[in-house]
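# Architecture and fold: a report
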Amino acid sequence: KNQVEQSPQSLIILEGKNCTLQCNYTVSPFSNLRWYKQDTGRGPVSLTIMTFSENTKSNGRYTATLDADTKQSSLHITASQLSDSASYICVVSFYTGTASKLTFGTGTRLQVTL
Amino acid sequence: SQTIHQWPATLVQPVGSPLSLECTVEGTSNPNLYWYRQAAGRGLQLLFYSVGIGQISSEVPQNLSASRPQDRQFILSSKKLLLSDSGFYLCAWTQGIVSDDEQFFGPGTRLTVL
């Protein structure tokens, strides 16, 4: 069964600090992995995407890593800001032959405080 | 540029009542369209996807149905709502069928069944 597990479930950090979110997956066959940011009550927005051959991808203060051998990914947030408060969702994609389909993690809820 | 709309934004319905949620995409043609549900504390669950007008694939058995009467219109319906249908419903689209296409999400509909 395709699954994506994320940890921690929730995290509180002080503004300006760094943090790392974890994602483990069992999706097969693997196509790509995305990290999404979902503000409360809004749809998710893609932050990064990595294919099988990529092991790191940055988007500003967000850096994602991927170890396809161990099926693990992480999202590192540098110098956090209050606006980083959101849920971060790890999403693994596989291709059915007719459409891309996604398996979503339950997300990590990040709260950045003063 | 492409935009995706969903309405209503919030909905409170009694058990046993019908449901109709609408999603429209602007600025593109022949998109792949998706309906997801996000229950509290759970990851997004794919309900339906469509690769063209009148073509609907169902991912999970349930009392919901979907229709695509026009190229850029996707409708989620139910004849009789259950308490378990409460959740956050998201519509998404991709342009093509390749697995690295980003799925763009709408703003969502918060459905509460009482």
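Residues numbered from 1 in each chain as written. Chains lettered and ligands numbered in written order. Predicted model: local features only at pLDDT ≥ 70, side-chain atom pairs only at ≥ 80, totals over all residues. Heavy atoms only, no water.

A few words on unusual backbone geometry. Residue Pro 8 of chain A follows Ser 7 of chain A across a cis peptide bond; omega there is -10°. With respect to the helices and strands, the residue Pro 8 of chain A is situated in the loop between β1 (4–7) and β2 (10–14). A cis geometry characterises the amide bond from Trp 7 of chain B onward to Pro 8 of chain B, with omega recorded as 0°. Within the element layout of this structure, Pro 8 of chain B appears in the loop between β1 (3–7) and β2 (10–13). The phi torsion at Ala 79 of chain A lies on the positive side, around 50°, for a residue other than glycine. With respect to the helices and strands, Ala 79 of chain A occurs in the loop between β8 (72–77) and β9 (86–95). At Asn 30 of chain B, a position not held by glycine, the phi torsion is positive, near 50°. When you line up the elements, Asn 30 of chain B lands in the loop between β3 (19–26) and β4 (32–38). (Helix = DSSP H or I, 4+ residues; strand = E, 2+ residues; numbered from the N terminus.)

Residues and elements named next belong to chain A. Read across the open sheet, the five strands follow the order β1-β3-β8-β7-β6; overall the sheet is antiparallel. Looking at the sheet topology across the chains shown, the edges are occupied by β1 and β6 (56–59). Looking at each pair of strands side by side, their axes are set apart by 15° on average, direction ignored. As paired strands, β1 and strand β3 (residues 19–25) are joined by four bridges and run antiparallel to one another. From the neighbouring strand, Glu 5 faces β3, where its bridge partner is Asn 24. (Pairing = 2+ DSSP bridges. Axes fitted to C-alpha atoms, helices over the stretch in contact; angles between N-to-C directions.)

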